[in-house]
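# Report on the structure
These are the residues of each chain, in order.
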Amino acid sequence: MTIVRAGAEQGLEALRTPDERFDGLPDYPFEPHYVEVGAGLRVHYLDQRPARAASGETVLLHGEPTWSYL
């Protein structure tokens, strides 16, 4: 685990699972994509648009307390 000091002035910490822990997951062929949300934190997202697709509608699904693998 990596400890990310997020908002150190408030004394907050977040744990980050190493990326290699997600390598080779069965039945999960998606490439990792992340967006930085500040203070060293990031959120993973799936981008399943066809490579040649133009910009279009965006669908946001939030899976807490699970994640897309389930």
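Residues numbered from 1 in each chain as written. Predicted model: local features only at pLDDT ≥ 70, side-chain atom pairs only at ≥ 80, totals over all residues. Heavy atoms only, no water.

### Remarks on the pairing of strand E4 (residues 41–45)
Each regular strand carries side chains that alternate between the two faces of the sheet. Across 5 bridges, the pairing between strand E3 (residues 33–38) and E4 is antiparallel. Across the sheet, the residue bridging to valine 35 is valine 43, located in E4. Here E3 folds back onto E4, and the loop between the two strands holds 2 residues, one of which, alanine 39, carries a positive phi near 55°. (Pairing = 2+ DSSP bridges. Helix = DSSP H or I, 4+ residues; strand = E, 2+ residues; numbered from the N terminus.)

### Section: the confidence of the model for the chain
In the predicted model, the chain carries a mean pLDDT of 74, and the fraction of residues at 70 or more is 57%. No element of the chain has a lower mean pLDDT than strand E1 (residues 2–5), which averages 62, and none a higher one than E3, which averages 84. (pLDDT = per-residue confidence, 0-100.)

### Concerning the pattern of salt bridges
Per the stated rule, a full pass over the model turns up 1 salt bridge. The residue aspartate 19 makes a salt bridge to arginine 42 at a minimum N-O spacing of 2.7 Å. One end of the pair, aspartate 19, is in the loop between strand E2 (13–16) and E3; the other, arginine 42, is in strand E4, with 23 residues separating them in the sequence. (Salt bridge = Lys/Arg side-chain N within 4 Å of Asp/Glu carboxyl O.)

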